[in-house]
Amino acid sequence: MSDLALLNQKAIQAAIHGQWETAVNTNLEILKLEPKDINARLRLAKAYTYLNKISLAKKYYRQVLKEDRYNPIAKRNLTRLKNFKNGNLAKNFWTPTALFLEEPGKTKSVWLVRVTDEKKLATLEVGEPVELMINPNSITVTKNGRYLGRLPDDLAFRLIKLCRTGNKYEAYIRVVDKEKLQIFIREVKRSKRNLQIPSFPQKNLNDEYQTFLPVEILPEKNPHLEEVEEVEEDSFEE
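So, here is what we can say about the structure in this document. Residue positions within a chain follow its written sequence, with the count starting from 1. With the structure being a predicted model, the display of local features is reserved for residues of pLDDT at least 70 and the display and counting of side-chain atom pairs for 80 or more, all residues being used for whole-chain, interface and lining totals. Working from all heavy atoms in the structure, the side-chain values ignore hydrogens and water.

**Re the overall build of the protein chain**
Let me state the cut-off plainly: Numbering of helices and strands runs from the N terminus; a helix is a DSSP stretch of H or I covering at least four residues, while a strand is a stretch of E covering at least two. Burial here depends on accessible area, computed with a 1.4 Å probe over protein chains only, as a share of the maximum for the residue type. Under 20% is buried, over 50% is exposed, and the range in between is partly exposed. Two residues form a contact once any of their heavy atoms are found within 4.5 Å. Here the accessible surface of atoms and residues is derived via Shrake-Rupley with a 1.4 Å probe, and residues count as covered only by protein chains that are part of the display.
A count of helical and extended segments in the protein chain gives seven helices and six strands. Mapped from its N terminus to its C terminus, the protein chain presents α and β elements in the order α-α-α-α-α-β-α-β-β-β-α-β-β. Looking at the protein chain as a whole, 47% of its 238 residues are labelled buried. Taking all contacts inside the protein chain whose residues are at least 6 apart in sequence as the whole, residues at least 24 apart take part in 65%. Accessible area of the protein chain: about 13500 Å², with a carbon and sulfur share of 49%.

In C-alpha cells form, the structure reads like this:
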C-alpha cells in the first residue's frame, strides 16, 4: 500500500473515532503529497468544524469550490456555517458512526417525500435527531418543530399502526442533499402485542450489521444508498 493510501486510511479512521487533531494533521500531510485532493480538503474542513475552528473550516470549503464549483458538500456546509464564528459551535457536535448501525427488521433508511426547501436543508447536519409526528393518515418529520418532510405513505401506514399498538421509534438525519433528505429510523421499543412483527420486513433477512459513514469522511465516490423497500400491508397482524 502506498504512503498516500496509508494516509487516507489513517485520515478516515481518525474521523470515524472523532480524533479531529489527528485528522487535521493527517489530511495536511495528504495535501502536501496531493495538493488538489478534494476529499482531503473536505475532511480537513469537517475536522476544523468539530474543533470549533470555523474560519479554517470555511477556508477549506471555499478551496473545494474553487476546484469544484458545484460540490454539494462544500456548498451546504458553507451555508450552514455562515452565521457561526470560531468557538461558538455547539459542543458534542460529533456523531459516532455506530448511530447508523443497521439491524435487520429494526432499522431502516428512507428518503422523505414533500421535502422542505433548500434553505432549511442547508442548516441540517448528519446525525441530528428528528421528530416523527404521528398524524391520522401520515407521519411528518420535524426538527425543533420545523417541518422537514413526510414518510412515504406505505411506510407511514405501517408505523402508525405499530405505534398505536405500543411500538416506539427514534430517527436521525442520514443524508442531506440539495433537494433530498434521508433519515435513519430505529425501533427502540417493541410492544408485547407486536413481538412477532418486524417493524421493517426484509425480503432477504440476514444477521449482517453494517454502518454507513458521512460522505465527507469517505474517499472518492459516495456510498451506495439503498432504495426504500415497499412495505406489504398483509405482513401486518391485526
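**Brief notes about the packing of aromatic side chains**
Worth spelling out the cut-off: Between rings of Phe, Tyr and Trp, where Trp is taken as its six-membered ring, a pair exists when centres lie within 6.5 Å; planes separated by under 30 degrees are stacked, by over 60 edge-to-face, and by other angles tilted. Distance and angle both matter: a charge sits over a ring if NZ of Lys or CZ of Arg is within 6 Å of the ring centre and within 35 degrees of the ring normal.
Enumeration according to the criterion identifies three aromatic pairs in this entry. Here the aromatic rings of Trp20 and Tyr50 are separated by 4.5 Å at their centres, their planes lie at 35 degrees, and the arrangement is tilted. Of this pair, Trp20 sits in helix α2 (residues 20–33) while Tyr50 sits in helix α3 (residues 38–50), and the two are 30 residues apart along the sequence. Taken as a pair, Trp20 and Tyr50 share a single burial class, namely buried. Taking NZ or CZ as reference, Lys180 lies 4.9 Å from the ring centre of Trp111, over its face.

**Brief notes about the nonpolar core**
The criterion, for reference: Residues grouped as a nonpolar core are buried Ala, Val, Leu, Ile, Met, Phe, Trp, Tyr and Cys residues, joined through side-chain atoms within 4.5 Å.
By size, the foremost hydrophobic cluster in this structure holds 25 residues, and its most contacted members are Trp20, Leu42, Leu44, Tyr48, Tyr60 and Tyr61. With seven residues, the top contributor of residues to this core is α3. Every residue in contact with Tyr61, bar those within four places of it in the chain, is listed here: Leu42, Ala45, Lys46, Thr49, Ile73, Ala74, Asn77, Leu78 and Leu81.

**Concerning helix α5 (residues 72–80)**
Definition in use: By the criterion applied in these results, polar contacts are pairs of N or O atoms within 3.5 Å in which, for protein atoms, one can donate a hydrogen and the other can accept it, and in which residues neighboring in sequence qualify only through two side-chain atoms.
Of the positions making up α5, those classed as buried are Ile73, Ala74, Arg76, Asn77, Leu78 and Arg80. The inward-facing, buried residues of α5 abut α3, α4 (54–67), α6 (118–121) and β5 (168–176). N-cap assignment for α5: the residue whose side-chain oxygen lies 3.1 Å from the backbone N of Ile73 is Asn71.

**Remarks on the packing of α4 against α5**
For clarity, the cut-off: Every axis corresponds to a line fitted to the C-alpha atoms, with the helix fit spanning only the stretch in contact, and the corresponding angles, defined between N-to-C directions, vary from 0 to 180 degrees. The sense of a crossing depends on the near helix, which, turned anticlockwise from the far helix by less than a right angle, makes the crossing left-handed and, turned clockwise, makes it right-handed. Residues were grouped as follows: Ala, Val, Leu, Ile, Met, Phe, Trp, Tyr, Cys and Pro as nonpolar; Asp, Glu, Lys and Arg as charged; and all remaining residues, including Gly, as polar.
At a closest axis distance of 9 Å, the pairing of α4 and α5 adopts a crossing angle of 145 degrees. Between α4 and α5 the crossing geometry is left-handed. Where α4 abuts α5, its residues Lys58, Tyr61, Arg62, Val64 and Leu65 lie against Ile73, Ala74, Lys75, Asn77 and Leu78. Here the contact of α4 with α5 is composed, by residue class, of six nonpolar, one polar and three charged.

**Let's talk about the sheet that holds strand β2 (residues 129–134)**
Short version of the rule: DSSP-based pairing: two strands are paired if at least 2 bridges between them are found.
Pairing is antiparallel in the open sheet, where six strands are placed in the order β1-β6-β5-β2-β3-β4. Sheet topology places β1 (107–111) and β4 (146–150) at the edges, where each strand pairs with a single neighbour. Taking each pair of neighbouring strands and ignoring which way they run, the sheet shows an average axis angle of 35 degrees.

**Quick word on α4**
We count it as follows: Multiplying 1.5 Å by the residue count of a helix minus one yields the expected span of that helix. Throughout, the arc means the angular range of directions from the helix axis out to the C-beta atoms.
Between the first and last C-alpha of α4 there are 20 Å, a value that for 14 residues agrees with the 20 Å anticipated at 1.5 Å per step. Buried within α4 are the following residues: Ile54, Ala57, Lys58, Tyr60, Tyr61 and Val64. The buried residues of α4 occupy one face: seen down the axis, they fall within an arc of 165 degrees. Residues of α4 that are buried in the fold lie against α2, α3 and α5.

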